[in-house]
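Observations on chain architecture
Read off the chains here:
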Amino acid sequence: MEEQRSSVPETATQERNIPSRWDWVEPLVWTDKMLAALERGVKGGKWFSLIDKVWSIPNLQSAWKKVASNRGSAGIDNVSIKHYRRHAEQRLNRTSELLKHDKYQPAGVKRVWIDKAGSKEKRPLGIPTVTDRVVQTALRNVIEPIFELEFSEYSYGFRPHRSCKDALRRVDGLLKIGYKYVVDADLKGYFDSIPQDRLMKLVEEKIADSRVLDLLNKYLSQKVIDTAASWIPETGTPQGAVISPLLANIYLNPLDWKMAVSDFAMTRYADDFVVMCKTQAEAEIALEMIKEWTESVGLTLHPTKTKIVNADEDIFEFLGYKFKQGMKFPSDKSITKFRDNIRKQTRRTNAHSLRTIIERIKPIQRGWFEYFKHCHKCSFPEQDSWVRRRLRSILKKRKKRRGIATNMENFRYPNKTFDNCGFFSLVRAHSELCRSLK
């Protein structure tokens, strides 16, 4: 009877008369009645009896579809998306039963190290098992709207209907109306340093279901397994976990509101944020407030990367863009990442036809242009030339000539050679964009 009362009908659909701000919620969890309660506010401001919505089969099925569409690697159990799919129904039923009877235990997190663009350092990434990703997604489906209701308007990272572009537009707009003093803040190792006890207290302000809280605690205390060692982290939430971005936003939400109440124009995307002011004095006050707040909640500002910048005279970077004297350019790291991705497809030993190579790099070029298309026009010619030089080097080697392409190859293989094979020119795309906007 309990399952019959709590389960959401499988016939629930997206076609509901709900406010557009909630059109992203999982309809198999958030019924019209629940959304009305969310808008109205629940008694005591806390939500009870949520665990049954986590383990409901329809929610787990929806979560599995999201995880499968995101692909991703296998965790420590070596169960891939493809492998999981073969017996998905049985696995989901088993997981539901374990959650229902408080017997579910997350597996360890596989730690891998990925390259940092423009740096020799590596970034740690945690890969949960597919099953854990499914449960975390189901859990997020249930609790995310509760916290989304309270998030600041100027927080953009990993939130519905918001993107990097929205954050960049706000920064650009503030610069144009005179907010030229920028507090460029950098939190040192944010995801790995969040105090778990303080994080859970913030979660407990909205959620009173002890079983949901226990499940969250299990994820925070998952064993991390590296090639050489394993340990249980005492702080942080692993980068790569489905639930981590939401938890990261929950922890920084008080800072968003502290800045807003103090009339400081803060723009945040996850742990990357800037505060923009009209005077140096205001910027210094804002920076001091940020320092005091971060120290009080167990976080650390990077001592050399955190600074105040006069945007009329100096450069600051935000979300891959470099802002310089009223103009926008791709940051050096963004260019390095772009070129690294192109290099992988344009090694001189590449045996594919020129047309095939150009088709393979085209999505990289298109994606990069789509993100940086609002940069100054001088941002694009050098990148086009660099890519063509890589292609000319391939053609040179095929003629058994040594070394990278020189000016001679520019005559042997003019730009038309690549255009005839469908080359995507950043310069041409930018020109076409400018014409369409006139």
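Residues numbered from 1 in each chain as written. Predicted model: local features only at pLDDT ≥ 70, side-chain atom pairs only at ≥ 80, totals over all residues. Heavy atoms only, no water.

Here we come to the overall build of the chain. Counting secondary structure elements, the chain contains 19 helices and 11 strands. Expressed along its principal axes, the backbone C-alpha trace of the chain runs to roughly 80 × 60 × 50 Å. Looking at the chain as a whole, 48% of its 438 residues are labelled buried. Across the chain, contacts joining residues at least 24 apart in sequence account for 69% of those joining residues at least 6 apart. Accessible surface, the chain: about 22800 Å² in total, of which carbon and sulfur atoms supply 50%. Taken as two groups, the 78 positive and 54 negative side-chain charges of the chain have centres that lie 11 Å from each other. (Helix = DSSP H or I, 4+ residues; strand = E, 2+ residues; numbered from the N terminus. Buried < 20%, exposed > 50% of the residue type's maximum accessible area, 1.4 Å probe, protein only. Contact = heavy atoms within 4.5 Å. Areas by Shrake-Rupley, 256 points an atom, 1.4 Å probe, with all protein chains shown as cover. Lys, Arg positive; Asp, Glu negative; His and termini not counted. Charge placed at Lys NZ, Arg CZ, Asp CG, Glu CD.)

Okay, the environment of Arg388 next. On the secondary structure map, Arg388 appears in helix H16 (residues 381–398). Between the C-alpha atoms of Arg388 and Ala37, which are 351 residues apart in sequence, the distance is 58 Å.

Strands belonging to one sheet form pairs held by backbone hydrogen bonds; the direction of such a pair is parallel or antiparallel. Spatially, E6-E7-E3-E8 is the arrangement adopted by the four strands of the open sheet, whose pairing is antiparallel. Sheet topology places strand E6 (265–269) and strand E8 (307–310) at the edges, where each strand pairs with a single neighbour. Going from strand to strand, the sheet's axes swing by 20° on average, the running direction of each strand aside. Judged from the four bridges that link them, strand E3 (residues 181–186) and E8 form a sheet pairing that is antiparallel. (Pairing = 2+ DSSP bridges. Axes fitted to C-alpha atoms, helices over the stretch in contact; angles between N-to-C directions.)

Here we come to the packing of aromatic side chains. What the rule picks out here adds up to 16 aromatic pairs. Measuring from centroid to centroid gives 5.7 Å for Phe158 and Tyr269, while their planes differ by 50°, and the two rings are tilted. Here Tyr269 lies in strand E6 and Phe158 lies in the loop between helix H7 (130–148) and helix H8 (164–176), a separation of 111 residues in the sequence. In textbook terms, an aromatic cluster arises when at least three aromatic residues are bridged by ring pairs, as seen for Phe316, Tyr321, Phe323, Phe338, Trp368, Phe369, Tyr371, Phe372, Phe380 and Phe424. The side chain of Arg170 reaches across the aromatic face of Tyr154, ending 3.5 Å from its centre. (Phe/Tyr/Trp six-rings, centres within 6.5 Å; stacked < 30°, edge-to-face > 60°. Lys NZ or Arg CZ within 6 Å of the ring centre and 35° of its normal.)

Counted at 1.5 Å a residue, the expected span for helix H15 (residues 354–372) with its 19 residues is 27 Å, and the 26 Å between its end C-alpha atoms agrees. When the local axis directions of H15 are compared, the greatest deviation, roughly 35°, occurs at Ile361, which is followed within four positions by the proline Pro363. By the burial criterion, the buried members of H15 are Leu354, Ile357, Ile358, Ile361, Lys362, Gln365, Trp368, Phe369 and Phe372. Looking at the buried positions of H15, the neighbouring elements they touch are strand E10 (321–324), strand E11 (327–330), helix H14 (332–345), H16, helix H18 (415–419) and helix H19 (426–437). (Expected span 1.5 Å × (residues − 1). Bend = angle between axes of the 7 residues up to and from the residue.)

Where strand E9 (residues 315–318) lies against E10, four bridges are found, and the strand directions are antiparallel. Residue pairing in the sheet places Phe318 in a bridge with Tyr321 of E10. The antiparallel pairing of E9 with E10 creates a hairpin that spans two residues between the two strands, and Leu319 there sits at a positive phi of about 55°. Bridge count for E10 against E11 is four bridges, and the pairing is antiparallel. Each residue of the ladder has a partner; that of Tyr321, found in E11, is Pro330.

As a further point, take H7. With 19 residues, H7 ought to run about 27 Å at 1.5 Å a step, and its terminal C-alpha atoms sit 25 Å apart, in line with that. Maximum bend of H7: about 40°, positioned at Val142, with proline Pro145 one to four residues after it. Of all 19 residues that make up H7, 17 are buried, and the element is covered over most of its length.

Right, let's talk about the side chain of Arg170 for a bit. In this fold, Arg170 is placed in helix H8. Despite its burial, Arg170 pairs with no opposite charge, the nearest such side chain being Glu153 at 7.0 Å. Within the local environment of Arg170, its side chain forms a polar contact with the side chain of Thr267, the two groups lying 2.9 Å apart. Each residue touching Arg170, except ones within four places of it in the same chain, is listed here: Tyr154, Tyr156, Ala265, Met266 and Thr267. (Salt bridge = Lys/Arg side-chain N within 4 Å of Asp/Glu carboxyl O. Polar contact = N/O pair within 3.5 Å; in protein donor to acceptor, adjacent residues only side chain to side chain.)

The next point concerns unusual backbone geometry. Located in the positive-phi region is His161, a residue other than glycine, with phi close to 60°. The exposure class assigned to His161 is exposed, which follows from its relative accessible area of 57%. Of note in this structure, Lys400 is not a glycine but carries a positive phi near 60°. Among the structural elements, Lys400 can be located in the loop between H16 and helix H17 (407–412). Relative accessible area serves as the criterion here: at 77%, Lys400 is assigned to the exposed category.

Take the packing of helix H4 (residues 57–70) against H7 next. Packing of H4 against H7 leaves a shortest axis separation of 8 Å and a crossing angle of 120°. Between H4 and H7 lies a crossing whose hand is right-handed. Contact residues: Asn59, Leu60, Ser62, Ala63, Trp64, Lys66 and Val67 in H4; Val130, Arg133, Val134, Thr137, Ala138, Asn141 and Val142 in H7. Its residues assigned to classes, the contact of H4 with H7 comprises eight nonpolar, four polar and two charged. (Left-handed = near helix turned anticlockwise from the far one by under 90°. Nonpolar A, V, L, I, M, F, W, Y, C, P; charged D, E, K, R; others polar.)

Now for a positive patch on the surface. Side chains of Arg123, Lys305, Lys333 and Lys337 sit close together on the surface and give a patch of like positive charge. Examined against the element boundaries, Lys305 turns out to sit in the loop between helix H13 (280–296) and E8. You can call Lys305 partly exposed: its relative accessible area is 43%. (Patch = residues over 30% accessible without salt bridge, like charges linked within 9 Å, V, L, I, M, F, W, Y side chains within 5 Å.)

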